[in-house]
Protein chains: 2
Amino acid sequence: MSGYSFYERAFRAFNQYPSLSKLLVVFTVSGGGVAAYSGAQPSGGAVCADSSSVRGICEKKKKVVVLGTGWAGVSFLKTLNNPSYDVHVVSPHNYFAFTPLLPSVTCGNVEARSIVEPIRSITKKKNVDVQFREAVCFKIDAGNKKVYCRSSQDTNLGGKEEFGIDYDYLIVAMGAKSNTFNTPGVEENAHFLKGVEDALKIRQSVIDCFERASLPSVSEEEKKRILHFVVVGGGPTGVEFAAELHDFVIEDLSNLYPAVKDNAKITLLEAGDHILNMFDKRITTFAEEKFQRDGINVKTGSMVIKVADKEISTKVRGSGQVENLPYGMVVWSAGIGPRPEVVDFMKQIGQTNRRALATDEWLRVEGCDDIYALGDCATINQRRVMEDIALIFSKADKNKSGTLNIKDFQEVVDDICERYPQVELYLKKKQMKNIVDLLKDSKDQSVEVDIETFKSALSEVDSQMKNLPATAQVAAQQGAYLANCFNRMEECEKYPEGPLRFRTVGRHRFRPFSYKHLGQFAPLGGEQAAAQLPGDWVSIGHSTQWLWYSVYASKLVSWRTRVLVVSDWGRRFIFGRDSSRI
Amino acid sequence: MSGYSFYERAFRAFNQYPSLSKLLVVFTVSGGGVAAYSGAQPSGGAVCADSSSVRGICEKKKKVVVLGTGWAGVSFLKTLNNPSYDVHVVSPHNYFAFTPLLPSVTCGNVEARSIVEPIRSITKKKNVDVQFREAVCFKIDAGNKKVYCRSSQDTNLGGKEEFGIDYDYLIVAMGAKSNTFNTPGVEENAHFLKGVEDALKIRQSVIDCFERASLPSVSEEEKKRILHFVVVGGGPTGVEFAAELHDFVIEDLSNLYPAVKDNAKITLLEAGDHILNMFDKRITTFAEEKFQRDGINVKTGSMVIKVADKEISTKVRGSGQVENLPYGMVVWSAGIGPRPEVVDFMKQIGQTNRRALATDEWLRVEGCDDIYALGDCATINQRRVMEDIALIFSKADKNKSGTLNIKDFQEVVDDICERYPQVELYLKKKQMKNIVDLLKDSKDQSVEVDIETFKSALSEVDSQMKNLPATAQVAAQQGAYLANCFNRMEECEKYPEGPLRFRTVGRHRFRPFSYKHLGQFAPLGGEQAAAQLPGDWVSIGHSTQWLWYSVYASKLVSWRTRVLVVSDWGRRFIFGRDSSRI
């Protein structure tokens, strides 16, 4: 149905304006299919737009409130197709932004508007009743099942509108904010790169620096300071931004600002030993060498301790030596922390001193029925095998013999692996085929283990537990997973499909969330990229950049954004990046 | 040379990245020619980038300072091709904006970035040495031939940088600002539509209104207020904006905001009797009828007397009745006035109580040698025939006989018509062929006139003097005219090509500026437009809209903007306008 709007509009346009056929527009988009125009109406299921007014039909609809329209929230909305919910979405942004392209927006490789899609456009094609409210949720009242929201606008349209929304199910997908680690001056002086507005501000600031440095009254030393761009954080975002900025300066700004181009300098500060440290060693080394060739100054082991007005102070790890670098612009991309609204909610439910909302493996917030949390604002608190080891043993030991044999095992092995995914990770690490291998020394089928042997065999399994990374990929998979649960809520209530409940009786309604890593890209500038794909397959170079283009074009949220991003890339190839200060 | 960058870049790109040939981009642009790629360097004339450092070669270069990068300034820069000038451009914007498309930007028909071109891109292809400074000129010191400028940035890059620039010639092309006629509350509460930033703010505000009206706590009455859009001024800009907004609401926002769409209302306030009153009566009538059919509320004879926070007050002309209209957003497009910097300069040179800088017919500011003013910040003070009538007579009366005969006349008639263009306008109005017809009753060649007859024959001629309209067309022609004068300054000093100097001796160096009106468009929405072309030819309807598309596409400043605007139009046809609030 994603192609509906495109073909329907084109069809209408050609009918209404025969003269339109004079204009032939040819779009070539890689990676997309073609949907034939059927002339059918896009949806018919949503019969009651306002549930309060049509009591008879709608009063049974469960009210789902979604907070946030990032990857997790939008993925949930896109996947939800059960018309028995009345969905209310609250977010300060009325659009979804394709955040992996934000670094491209900072330097005009791609336009901001090409990577956003209005939430209302995304939801209007659905058979589910969705109401969007542009507001910030400032309080969650879990006791009364209500959220309190406030208009995020600061206009002369009226005061700060406040309103409450009741919910049956609440989905918290509010994302995270940049983490300053309480470093003094960061909030006031540094740029962040979390949202579209941030990217646009960075773009203006880069031009501001070049224009300022071009004024006749600016001294040579001051020029050097103004054109010193500092990026804090050697993660994928920081590295990509540094690379984009370098290309922008070399390919476009050098031609337009010949008098000051030699003063431009980029420094990348990383507290760890290497940049891109979550990637394979080969990628890290390649990136560091490429940046060195490009003249990007990579300083590893540098902790930022203060960002003053015109100077950034770093402390060298080890020696403890403090260095002050005069700068013109700082971009802070050093990690994420919880948003204040989420911190408030965590306090309310007793989850203090945490970096994100803890959920169970079904994404339900611990201690809160009917509240789910996903994306960057949540972490899954994976249950340890050791906590349940006695219960697992007794559940498996059907005949209560005190020992388990192979047959006993085989009946519960799938449930164990599903409920405790760390078991499977451990086996994979040890290159074992299944859990039975863990318990026996030989291929002998007659193995019998008692509880102590069982405990010691599984004792190291929990060491494999890892938090999921805070990426778009995880958030999107969680959103889709949760929507699928909601889609089949009634069905699964009757016929549970999850693993055995070891602590109580019966089965879990749903399978727990399980993340499938599809790989990760790190664009390095100069039409080169690195990619780490599943199975530790590493790809680096120009061809990887083309892979990056194809993957990103195909992953974009709508046909409109796909066409726009691809044409932006084409425009940049031909005309370069625009340096107008708007 | 305008196609240079396009082909040169494409050529380089194909050489550097053979894999690029995989991507086939087909652009079809109407109205543009094709320049073959020659491989030649774009320029070679600019030998000294910094005139102070290479004294030997450059000290003879005359320093031209251009204030402003609107139509007049950029047209001057584009036409100037004499490398003997050292040009310094000062403007708070580092880009040129194609302002006739601003109303299209307000509703997302065209993106802001598609209608701007960096000044540095425009000037770098030239053989003239051009330095650009992003700053505001806050003082012109005509006595010392110096301008004082201040950085327009408000960033943490440093304090407000100030600097002075000496000049040999100063070109004031700073444009105008919106005129509030001192109406209370306009500055604080209304939007203007003069620059790209204004258009972007309006676009955000329209979405803000729709989002705010969609909040559940907003009453029905408040919804009506918030979605009441008021446009003040029935000139081409106001009318085009109202039409664009109507299309945006009907074609896009109605689908996305079904719950509030019926509350949306557009009111167009005009103090005069008709909207578009500078156009032919047929166009005015068509526009008024179309707006009535569209449901746009046109209120003529309505003077705005106050714009409060949420209410706009109007007084009906004639009855004097005051009406208060609750509104959500006001766009003020009621005329232009001088900028404060220009007002200061006018005071300095004794031109007080004027709406613009007065220049002579050669665009030179009255009373200031070497300062020129053009575009919206200037008006040409056309000299009256009656002021010079005795001198004209005596110049024509070569033999000092006290009377003029036909032969005497024929020698000066071209000079008179060139120096006093109102003569020609008067003749045209009276349907006479030339000035001789004005003096005689019959075709008799023996006519002889004395000074009194001469005076009375020409007495009504000055009534034909009119100020030029404050349009892009006038500004662009003035810029090109002045650049041509500068290009041939030395040559014309030796061989003056202007008309006779009636008050002194010899000839003027240049022909005076003469405006050629090429017609004017008024887009009316719904893919319809009106056009008034030279010779009072009027065209209205869908075909005129296509004419508008072709003319505007061909008039755009660069190949880049041309491609972008045309693809924006295509995008809007297919996908509609984006309603993301960024």
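For clarity, every value in this text was computed on a predicted model and none was experimentally measured. (Residues numbered from 1 in each chain as written. Chains lettered and ligands numbered in written order. Predicted model: local features only at pLDDT ≥ 70, side-chain atom pairs only at ≥ 80, totals over all residues. Heavy atoms only, no water.)

Which parts of the structure should I look at to understand the packing of helix α3 (residues 71-79) of chain B against helix α17 (residues 472-487) of chain B?
Relative orientation and spacing of two packed helices are given, respectively, by the angle between their axes and the distance between those axes. All names here are of chain B. One can describe the packing of α3 onto α17 by two numbers: an axis separation of 7 Å at closest approach and a directional angle of 35°. The interaxial crossing formed by α3 with α17 has right-handed handedness. Here W71, A72, S75, F76 and T79 of α3 lie close against α17, whose contacting residues are A472, A475, A476, G479, A480, L482, A483, N484, F486 and N487. Considered class by class, the residues forming the contact of α3 with α17 number 10 nonpolar, 5 polar and no charged. (Axes fitted to C-alpha atoms, helices over the stretch in contact; angles between N-to-C directions. Helix = DSSP H or I, 4+ residues; strand = E, 2+ residues; numbered from the N terminus. Left-handed = near helix turned anticlockwise from the far one by under 90°. Contact = heavy atoms within 4.5 Å. Nonpolar A, V, L, I, M, F, W, Y, C, P; charged D, E, K, R; others polar.)

Can you walk me through the interface of chain A and chain B in this structure?
Think of interface size as the accessible area that goes away when the parts come together; that is how it is often given. Between chain A and chain B, the contact holds 75 residues from the first and 75 residues from the second. Inspection of the region where chain A meets chain B yields 8 salt bridges. One salt bridge in this structure joins D578 of chain B and R560 of chain A, with 3.8 Å as the shortest N-O distance. Where chain A meets chain B, there are 22 residue pairs in polar contact (both at pLDDT 80 or more). Sort the elements by how many residues they give to the side of chain A that touches chain B and helix α20 (residues 559-575) of chain A lands first, with 8 residues. (Salt bridge = Lys/Arg side-chain N within 4 Å of Asp/Glu carboxyl O. Polar contact = N/O pair within 3.5 Å; in protein donor to acceptor, adjacent residues only side chain to side chain.)

For this particular structure, what's the right way to read the sheet that holds strand β11 (residues 265-270) of chain A?
Backbone-to-backbone hydrogen bonds pair the strands of a sheet. The strands run either parallel or antiparallel. All names here are of chain A. Ordered in space as β12-β11-β10-β16, the 4 strands form an open sheet in which the pairing is parallel. One side of each edge strand has no neighbouring strand; the edge strands of this open sheet are β12 (297-300) and β16 (329-332). Direction aside, neighbouring strands of the sheet carry axes that sit 15° apart on average. Taken strand by strand, helix α7 (residues 196-213) contacts β10 (228-232) and β16, and its axis lies near 160° from that of β16. Strand contacts of helix α9 (residues 236-256): β10, β11 and β16, with the helix running at about 175° to β11, the strand carrying the most contacts. (Pairing = 2+ DSSP bridges.)

I keep staring at the sheet that holds strand β24 (residues 528-533) of chain B and nothing clicks. Help me out?
Residue and element names in this part refer to chain B. In space, the 3 strands of this open sheet follow the order β23-β24-β25, with antiparallel pairing throughout. Lying at the two open borders of the sheet, with one neighbouring strand each, are β23 (520-525) and β25 (537-541). Averaged over all neighbouring strand pairs, the angle between strand axes comes to 10°, with direction disregarded. Where β23 meets β24, 5 bridges bridge the pair, whose relative direction is antiparallel. Paired with F521 across the bridge in β24 is A531. Set on the sheet, helix α19 (residues 542-555) makes contact with β23, β24 and β25; between it and β23 the angle comes to about 125°.

So what exactly am I meant to see when it comes to the side chain of D247 of chain B here?
Residues and elements named next belong to chain B. Along the chain, the position of D247 falls in helix α9 (residues 236-256). The charged side chain of D247 is buried without a salt bridge, its nearest counter-charge being R577 at 4.4 Å. Beyond its immediate stretch of four places on either side in the chain, D247 contacts D252, G525, G526, E527 and R577. (Buried < 20%, exposed > 50% of the residue type's maximum accessible area, 1.4 Å probe, protein only. Lys, Arg positive; Asp, Glu negative; His and termini not counted.)

Got a minute to help me understand the relation of the copies chain A and chain B in this structure?
Both copies of the chain are tied together by a single rotation about an axis and a shift running along it. Between chain A and chain B, which share one sequence, the superposing operator has a rotation angle of 180° and an axial displacement of 0.0 Å; the RMSD is 0.0 Å. Here the two chains are linked by the operation of a two-fold rotation axis. By residue overlap, the copies meet face to face through one surface: 99% of the interface positions of chain A are interface positions in chain B. (Least-squares fit on C-alpha atoms with pLDDT ≥ 70 in both.)

When you look at unusual backbone geometry in this model, what are you seeing that I'm missing?
In this structure, K400 of chain A is a non-glycine residue whose phi angle is positive, near 50°. Position of K400 of chain A among the secondary structure elements: in the loop between α12 (385-396) and β21 (403-405). A positive phi is found at D370 of chain B, a non-glycine position, where the angle reads about 70°. With respect to the secondary-structure elements, D370 of chain B resides in the loop between β18 (357-359) and β19 (371-373).

Help me understand the state of the cysteines, please; the structure alone is not making it clear to me.
A full pass over the atoms with the stated rule returns 0 disulfides over all chains. A disulfide-free cysteine, C149 of chain A has its sulfur positioned 4.9 Å from the sulfur of C137 of chain A, the nearest such atom. As a non-bridged cysteine, C209 of chain B has C107 of chain B as the owner of its nearest cysteine sulfur, 12 Å distant. (Disulfide = S-S within 2.5 Å.)

What exactly am I supposed to notice about the pairing of strand β24 (residues 528-533) of chain A here?
All names here are of chain A. In terms of residue burial, β24 counts as a mostly covered element, since 6 of its 6 residues are buried. Burial of β24 is two-sided: the residues Q528, A530 and Q532 facing one way and the residues A529, A531 and L533 facing the other way are all buried. Following strand β23 (residues 520-525), the chain reverses through 2 residues before pairing antiparallel with β24; G526 in that reversal takes a positive phi of roughly 60°. The antiparallel hairpin formed by β24 and strand β25 (residues 537-541) contains 3 residues in its connecting segment, where G535 sits at a positive phi of about 80°.

Hey, could you run me through the domain arrangement of chain A in this one?
Residue and element names in this part refer to chain A. Domain parsing of chain A yields domain 1 (59-179 + 336-382 + 469-516), domain 2 (191-334) and domain 3 (385-464). Inter-centroid distance (C-alpha atoms) of domain 1 to domain 2 is 34 Å. Counting residues at the interface gives 22 residues for domain 1 and 17 residues for domain 2. Contact with domain 2 buries surface across domain 1, with P103, T106 and C107 losing the most and accounting together for 36% of the total. Close ionic contact of R203 with E111 constitutes a salt bridge, the shortest N to O distance being 3.3 Å. Our count for the domain 1 to domain 2 interface comes out at 5 residue pairs in polar contact (both at pLDDT 80 or more). Counting residues per element, the ones that place at least two in the side of domain 1 that touches domain 2 are β3 (95-97), α4 (102-106) and β9 (176-178). Per element, the largest residue contribution to the side of domain 1 that touches domain 2 is 5 residues, and it comes from α4. (Domains from an automatic or database assignment. Buried area = accessible area lost by both parts, 1.4 Å probe.)

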